[in-house]
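Overview (structure and organization)
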Amino acid sequence: MAGKLVQVATETVTSAVASVTLTGIDSDDVYMLAFNNVVPSTDSVDLFCRVTESGTANSTANYDYAIKLFRTASSFLNISNTNNTVFDLGNNIGTNTGEATNGIMMIYNANNSSEYTFITTEFAEFNSSPELTSWTGGGVFTSNSSVNGLHLFFDSSSNIASGTFTLYKVV
Amino acid sequence: MSNEFGYIPESPEQSFGNNKGIFTPKDIYDLTRADKYTNYGQLELIETKTASADSQIIFDDIKQDIYNVHFLTVTNFSPSVNQRNLSVRFFENGVEEAGSVYQYAQQYVGSNGAVAEQKSTGAGALRTTNSVGDAVNRVGNGYSYFYNLGDSTKYSFQTYMNDTIDQTNVFYGIFGSGVLPQASVVDQIKLYVSSGTFDCSLSLYGIKEYS
């Protein structure tokens, strides 16, 4: 079993839902979220993520992140936030043809109740401009708690119109 | 394929994550081929190719109908001509897209302190490495993820990270993303250099999900 990905949870959205929750983190292994073809119902919104504890999303102001945002038609940006209530996983994701976000997020120390939960991110999206945007960086959930999953949703109460989200354990 | 899979005369339904019975090697073989045998390891090797003085390598069976996400590793890319990238082009339904239609945005940081932002909305290819020198120990290593290659209604995306050593022995860390902004089925991936040849080991994986 060494050196493999083990699927923990998956959800494919084909009709609009408010959010997706993937749970099943129950060991101190590194976990990986892969998502593709994620499109909102409302144009130009951000994709957000919260961690879940015992299946419930944590909405406290314990999310810090630092991101480098690359764009093909505009200047690059540094994006950072401390004590936010979400991880921001994307910027102004569009709804027109081809516009979507895709990416990989690695999750560290989630199950360990004596450590913060860290993430690293690398996403590629075609935003509402439309413009290729790369979203690369990391974040930390600054709470010593046992995290068992992820809760993903769009800003501005937008539904998730489509997308596949899969959580793996790296063993 | 046996009907029983260990149960006589019953034939329990078999599926990934829910196998019942005692299995012979043939049962396991048949179930695996039917994608019904629980064998975790969703990072599945599609193919490894080794370039040796080749000008291009093409993965022509990328199983885009099975995988939403692909993972490519690039090991010890070494070009014969100085300062060459290992570039990527896609084939759409068997036809190479060679137009200036690719887009990418990336940042590099050099061991000499150099920092640069690079981007294009009209590139002739995507990248898996930056410019690599042709002297001893000048190589590039890295990985790429590709998304939606098999979806005819979606653009094909890439995220990547690599490190390279250029001709002046400066190390660079590079990360970025790319897109072929055309809704199409991508069924082949070509890795190539713009001139000369290259040596390299390339492994293409599929990241499987079971709904």
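These figures come from a predicted structure and were not determined experimentally. (Residues numbered from 1 in each chain as written. Chains lettered and ligands numbered in written order. Predicted model: local features only at pLDDT ≥ 70, side-chain atom pairs only at ≥ 80, totals over all residues. Heavy atoms only, no water.)

1. A short note on the overall build of chain A
- A tally of regular secondary structure across chain A gives zero helices and 13 strands.
- Its helices and strands in sequence order give chain A the pattern β-β-β-β-β-β-β-β-β-β-β-β-β, from N to C terminus.
- Here chain A has a C-alpha radius of gyration of 15 Å; the compact-globule value for 171 residues is 16 Å, and the two agree.
- Counting every position in chain A, which comprises 171 residues, the buried fraction comes to 56%.
- Considering only residue pairs separated by 6 or more positions, chain A has 74% of its internal contacts joining residues 24 or more positions apart.
- Carbon together with sulfur atoms contributes 43% to the accessible area of chain A, which is approximately 6000 Å² in total.
- Taking the average place of the 5 positive charges on the side chains of chain A and the average place of its 15 negative ones, the gap between the two points comes to 5 Å. (Helix = DSSP H or I, 4+ residues; strand = E, 2+ residues; numbered from the N terminus. Rg over C-alpha atoms; globule rule 2.2 N^0.38 Å. Buried < 20%, exposed > 50% of the residue type's maximum accessible area, 1.4 Å probe, protein only. Contact = heavy atoms within 4.5 Å. Areas by Shrake-Rupley, 256 points an atom, 1.4 Å probe, with all protein chains shown as cover. Lys, Arg positive; Asp, Glu negative; His and termini not counted. Charge placed at Lys NZ, Arg CZ, Asp CG, Glu CD.)

2. A word on the overall build of chain B
- From N to C terminus, chain B includes one helix and 13 strands.
- Scanning chain B from its N terminus toward the C terminus, one meets helices and strands in the order α-β-β-β-β-β-β-β-β-β-β-β-β-β.
- Along the first, second and third principal axes, the C-alpha atoms of chain B reach 70 × 35 × 30 Å.
- The burial tally for chain B puts 48% of its 211 residues in the buried class.
- Pairs at least 24 apart in sequence give 68% of the contacts found in chain B among residues at least 6 apart.
- Of the roughly 9200 Å² of accessible surface on chain B, a fraction of 46% belongs to carbon and sulfur atoms.

3. Considerations on the interface of chain B and chain A
- At the interface, 39 residues of chain B touch 37 residues of chain A.
- Of the roughly 3000 Å² buried between chain B and chain A, counting both surfaces, carbon and sulfur atoms make up 62%.
- Inspection of the region where chain B meets chain A yields one salt bridge.
- Taking the shortest distance from any N to any O, the salt bridge between Glu117(B) and Lys68(A) comes out at 3.8 Å.
- Remark: the boundary between chain B and chain A carries 13 residue pairs in polar contact (both at pLDDT 80 or more).
- Secondary-structure elements contributing two or more residues to the side of chain B that touches chain A are β6 (102-110), β7 (115-123), β9 (140-147), β10 (156-165) and β11 (171-180) of chain B.
- Residues belonging to the side of chain B that touches chain A are distributed by class as follows: 16 nonpolar, 17 polar and six charged. (Buried area = accessible area lost by both parts, 1.4 Å probe. Salt bridge = Lys/Arg side-chain N within 4 Å of Asp/Glu carboxyl O. Polar contact = N/O pair within 3.5 Å; in protein donor to acceptor, adjacent residues only side chain to side chain. Nonpolar A, V, L, I, M, F, W, Y, C, P; charged D, E, K, R; others polar.)

4. Observations concerning unusual backbone geometry
- In this structure, Pro130(A) follows Ser129(A) across a cis peptide bond, with omega equal to 0 degrees.
- One can find Pro130(A) in the loop between β10 (117-126) and β11 (132-141).
- Of note in this structure, Asn148(B) is not a glycine but carries a positive phi near 65 degrees.
- With respect to the helices, strands and loops of the structure, Asn148(B) is situated in the loop between β9 and β10.
- Judged by relative accessible area, Asn148(B) falls into the buried class, the value being 2%.
- Unusually for a residue other than glycine, Asn169(B) sits at a positive phi of about 70 degrees.
- Among the structural elements, Asn169(B) can be located in the loop between β10 and β11.

5. Quick notes on the domain arrangement of chain B
- The domain architecture assigned to chain B consists of domain 1 (1-40) and domain 2 (43-207).
- Taken over C-alpha atoms, the centre of domain 1 of chain B sits 39 Å from the centre of domain 2 of chain B. (Domains from an automatic or database assignment.)

6. Digging into the side chain of Gln42(B)
- Following the sequence through the fold, Gln42(B) ends up in the loop between α1 (25-33) and β1 (43-54).
- Engagement of the side chain of Gln42(B) in a polar contact is seen with the backbone nitrogen of Gln7(A), the distance being 3.2 Å.
- The residues touching Gln42(B), leaving out its near neighbours within four places in the chain, are Leu5(A), Val6(A), Gln7(A), Tyr168(A), Phe16(B), Gly206(B), Ile207(B), Lys208(B) and Tyr210(B).

7. Observations concerning the sheet that holds strand β6 (residues 63-71) of chain A
Residue and element names in this part refer to chain A.
- Read across the sheet, eight strands follow the order β1-β13-β3-β9-β10-β11-β6-β7 without closing on themselves; strand pairing throughout is antiparallel. Among the strands making up the open sheet, the edge pair consists of β1 (5-13) and β7 (77-84). This sheet shows a mean twist of 15 degrees between the axes of neighbouring strands, independent of strand direction.
- Where strand β3 (residues 30-40) and strand β13 (residues 160-170) come together, nine bridges link them in antiparallel fashion. Within β13, the residue paired with valine 39 across the bridge is serine 162. (Pairing = 2+ DSSP bridges. Axes fitted to C-alpha atoms, helices over the stretch in contact; angles between N-to-C directions.)

8. Structural notes on the pairing of β6(B)
All names here are of chain B.
- Counting buried residues along β6, eight of its nine residues qualify, which places the element largely inside the surrounding structure.
- Relative to β7, β6 runs antiparallel, the two sharing seven bridges. Paired with tyrosine 104 across the strands is serine 120, a residue of β7.
- The pairing of β6 with β11 spans eight bridges and is classified as antiparallel. Looking at β11, one finds that glutamine 103 is bridged to valine 179.

9. Side note on the pairing of strand β9 (residues 101-108) of chain A
Residues and elements named next belong to chain A.
- Of all eight residues in β9, seven are buried; the element is thus mostly enclosed.
- Inspection of the sheet shows β3 paired to β9 by six bridges, in the antiparallel sense. Counterpart to valine 38 in the pairing with β9 is threonine 101.

10. So, α1(B)
Residue and element names in this part refer to chain B.
- Of the residues making up α1, those classed as buried are Asp27, Asp30 and Leu31. Projection of α1 onto a plane perpendicular to its axis shows the buried side chains occupying an angular sector of 95 degrees, all on one side. Away from its buried face by more than 90 degrees, α1 exposes Pro25 and Arg33.
- Phi turns positive, to about 60 degrees, at aspartate 35, one or two residues after α1. (Arc of directions from axis to C-beta.)

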